[in-house]
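Residue-level structural notes
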Amino acid sequence: MNKDLTVGKPEAVLWQFCLPLFGSIIFQQLYNIADSLVAGKFIGENALAAVGNSYEVTLIFIAFAFGCNIGCSVIVSRLFGSRKYEEMKTSVYTTMISSAVLCAVLMIFGLVCSNALLGLIHTPSEILADSRLYLQIYIWGLPFLFFYNIATGIFSALGDSRTPFIFLAFSSTANILVDILFVAALDMGVAGVAWATFLCQGISCVLAVVVVLKRLAAIRTDAPVLLYSFDLFRKIAVIAVPSILQQSFISIGNIIIQSVINDCGVEVTAGYAAAIKLNNLVITSFTTLANGLSNYTAQNIGAGILPRIKDGFKAGVKMVWLLCVPLVALYLIAAKTLVTFFINEPSALALASGIRFLYIVAPFYFIVSVKLVADGILRGAGLMKYFMTATFTDLILRVALAKILAGQAGYTGIWCAWPIGWTIATALSITFYRKGPWKSA
């Protein structure tokens, strides 16, 4: 059901809208968590390292899909908020056509350059073959990744966060079962992990696109709807390209950090692979809630109601901090249990490195969550210069510090790069948020 985010008490509206988004990202993360869990438990520590190692490369492709999602979602939100339904539909079709071309280019690049990409991150020889196999199967599924992200972005722009939640709940649960079937029962190894994700994500993508097209068809328009508009493409690109660059540079930064970690050996790589899944679950949850704030901001800007933006920021901070309390407590109290959940009989070094990552990083979730809330509002308002400045500051600091501190304190030094980068970037994001056009509203 479509929902107008420009009416009602902001806090109540955001809770109602964002809770299904949070549920959706939990199930989305189950894709990657299930892959790592099944690989670590049913195949071995090297398989877990291979899946985790390949995941850092897949983040490059996810960055492009995410950018298409955000670009389309923000523009559709504005047009929906201002009741320009013909342009809204054209923006959706424009995004789908443009994304199909981009996806084809990325697939060719990924398949041709998979060996080179894995070489760039110093993939250990013991896990190179499995890393390459997982990555190549993943690349064949990129169309599903792209169009599913676009569909969920459209649902969110229309104020509907429940429909994508239903799709993800079904497909993620199925992914766990198919993972176990392919790996434990059929003994397909790392390939089974990859094909399970391919199959389940493909089904959810097709269903999501069909439903979103039906939803758009139900919205009446008075004038003919164009299939493509270069003017709307430009407006979408203004949001999408910085988002793609932001996510891409983050992915490249993560790849550089992964290469530093890989130099510490397969055991540290395996421990990091387990811990980073847990970290990504939290960060992606915050990011998804921030994406909801982007839709909320865009709709209200489209309707010309700026005072609601400040109320949305306060409500967003309250939401992420309520989420932080149980997650930080869980990661600090049960770090050992959570890391061993991914690895069957882990080595002492793998276990120690994973636990220490959670101990160092988890307390700073309270800080980085505020940054992501502010970033979500900046992006929804189209203030991409501010948005990218804060993001790149965090990234550059984390990459530089990881390389510097690794030589002085080993993997512990690498882990310390996260909280330092987050803290400085959060201060920037809050400063930029306070400069927004709503400051005097």
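Use the structure listed above.
Quantities reported herein were computed from a predicted structural model and do not represent experimental measurements. Numbers given for residues are sequential positions, taken from 1 along each chain in its written order. Thresholds applied to this predicted model are a pLDDT of at least 70 for local features of residues and 80 or more for the giving and counting of side-chain atom pairs; totals over whole chains, interfaces and linings are not thresholded and use all residues. Side-chain descriptors were evaluated using all non-hydrogen atoms of the structure, hydrogens and water having been removed beforehand.

Right, let's get into the overall build of the chain. Helix and strand labels come from DSSP, where a helix needs a run of H or I of at least four residues and a strand needs a run of E of at least two; each type is numbered from the N terminus. Helix and strand counts for the chain come out as 14 helices and zero strands. Along the chain, helices and strands appear, N-terminal first, in the series α-α-α-α-α-α-α-α-α-α-α-α-α-α. Taken over C-alpha atoms, the radius of gyration is set against a globule rule of 2.2 Å times the number of residues to the power 0.38. The C-alpha radius of gyration computed for the chain amounts to 21 Å, which stays within 12% of the reference 22 Å derived for 441 residues, consistent with globular compactness. Based on the C-alpha atoms only, the size of the chain along its principal axes is roughly 65 × 45 × 35 Å. When each of the 441 residues of the chain is scored for burial, the buried share is 60%. Of all intrachain contacts in the chain linking residues separated by at least 6 positions in sequence, the fraction that spans at least 24 positions is 85%. We call a residue buried when its accessible area falls under 20% of the maximum for its residue type, exposed when it is over 50%, and partly exposed in between, using a 1.4 Å probe and counting protein chains only. Between two residues, a contact is recorded if the distance between any of their heavy atoms is within 4.5 Å.

Turning our eyes to something else, we now look at the packing of helix α13 (residues 365-380) against helix α14 (residues 384-433). Angles shown run from 0 to 180 degrees and are taken between the N-to-C directions of axes, each axis being a line fitted to C-alpha atoms and, for helices, limited to the stretch in contact. Packing of α13 against α14 leaves a shortest axis separation of 8 Å and a crossing angle of 35 degrees. Of the two possible hands of crossing, α13 and α14 adopt the one that is left-handed. Broken down by class, the residue content of the contact of α13 with α14 amounts to 16 nonpolar, four polar and four charged. By definition, any crossing whose near helix is turned counterclockwise from its far helix by less than a right angle is left-handed, and any crossing with a clockwise turn is right-handed. As a working rule, the residues Ala, Val, Leu, Ile, Met, Phe, Trp, Tyr, Cys and Pro are called nonpolar, Asp, Glu, Lys and Arg charged, and the rest polar, with Gly in that last group.

What follows concerns the packing of aromatic side chains. Only Phe, Tyr and Trp rings take part, Trp by its six-membered ring, and two of them pair if their centres are within 6.5 Å. Stacked means planes under 30 degrees apart, edge-to-face means over 60, and tilted covers everything else. Applying the stated criterion to the full structure yields 18 aromatic pairs. Ring centres of Tyr331 and Tyr365 lie 6.2 Å apart, and the angle between their planes is 75 degrees; this geometry places the pair in the edge-to-face category. Pair noted here: Tyr331 is in helix α10 (residues 307-333) and Tyr365 is in helix α13, with a separation of 34 residues, a long-range link. Exposure class is identical for Tyr331 and Tyr365. Each is buried. Each member of the aromatic cluster is reached from another via a ring pair, and the members are Tyr272, Phe357, Tyr411, Trp415 and Trp418.

This paragraph deals with the environment of Ser429. Structurally, Ser429 can be placed in helix α14. In this structure the C-alpha to C-alpha distance between Ser429 and Val370, which are 59 residues apart in sequence, comes to 8.5 Å. Look past the residues within four positions of Ser429 in its chain and what remains in contact with it is Lys371, Ala374, Asp375, Leu378 and Ala390.

To continue, consider a nonpolar patch on the surface. Any residue with relative accessible area above 30% and no salt bridge may belong to a patch, with like charges joined within 9 Å and the nonpolar Val, Leu, Ile, Met, Phe, Trp and Tyr side chains within 5 Å. To be clear on the numbers: accessible area is Shrake-Rupley with a 1.4 Å probe, and residue cover counts the displayed protein chains and nothing else. What counts as a salt bridge is simple: a side-chain nitrogen of Lys or Arg found within 4 Å of a carboxyl oxygen of Asp or Glu. Taken together, Val241, Leu245, Phe249, Ile252 and Ile256 make up a surface patch of nonpolar side chains, about 380 Å² in accessible area. Among the secondary structure elements, Phe249 is positioned in helix α8 (residues 230-262).

Looking now at helix α12 (residues 348-361). For a helix, the expected span equals 1.5 Å multiplied by the number of residues minus one. Over its 14 residues, α12 runs 20 Å from end to end, which matches the ideal 20 Å to within 8%, given 1.5 Å per residue. Of the residues making up α12, those classed as buried are Ala350, Leu351, Ser353, Gly354, Ile355, Phe357, Leu358, Ile360 and Val361.

Turning our attention to the environment of Leu142. As for its position among the elements, Leu142 is in helix α5 (residues 142-157). Through-space distance from the C-alpha of Leu142 to that of Gln16 is 31 Å; in sequence the pair is 126 residues apart. In this structure, Leu142 is in contact with Phe61, Cys103, Leu106 and Met107, ignoring residues within four places of it in sequence.

Here α5 crosses helix α7 (residues 189-217) at 40 degrees, and the two axes come no closer than 8 Å. With respect to their mutual orientation, α5 and α7 come out oblique. Considering only the axes of α5 and α7, their crossing is left-handed. Contacts from Pro143, Phe144, Leu145, Phe147, Tyr148, Ala151, Ile154 and Phe155 in α5 reach Phe198, Gln201, Gly202, Ser204, Cys205, Ala208, Val209, Val211, Val212 and Arg215 in α7. Class assignment for the residues of the contact of α5 with α7 results in 14 nonpolar, three polar and one charged. Orientation labels follow simple angle bins: below 35 degrees gives roughly parallel, above 145 gives roughly antiparallel, 65 to 115 gives roughly perpendicular, and whatever is left gives oblique.

This part is about the pattern of salt bridges. Pairing between side chains becomes possible if they bear opposite charge and their charged atoms approach one another. If you walk through the whole model with that rule in mind, you get six salt bridges. The residue Lys318 makes a salt bridge to Glu11 at a minimum N-O spacing of 3.2 Å. Here Lys318 is found in helix α10, whereas its partner Glu11 is found in helix α1 (residues 10-43), with 307 residues between them in sequence. Residue Glu11 is classed as partly exposed on the basis of its relative accessible area, which comes to 24%. With its nearest N and O atoms 3.5 Å apart, the salt bridge here joins Arg234 to Asp231. Placement of the pair is Arg234 and Asp231 together in helix α8, with a separation of three residues, close to one helical turn. Taking the relative accessible area as the measure of exposure, Arg234 reaches 47% and is therefore partly exposed. Among the charged side chains, a salt-bridge network with shared partners connects Asp231, Arg234 and Lys235.

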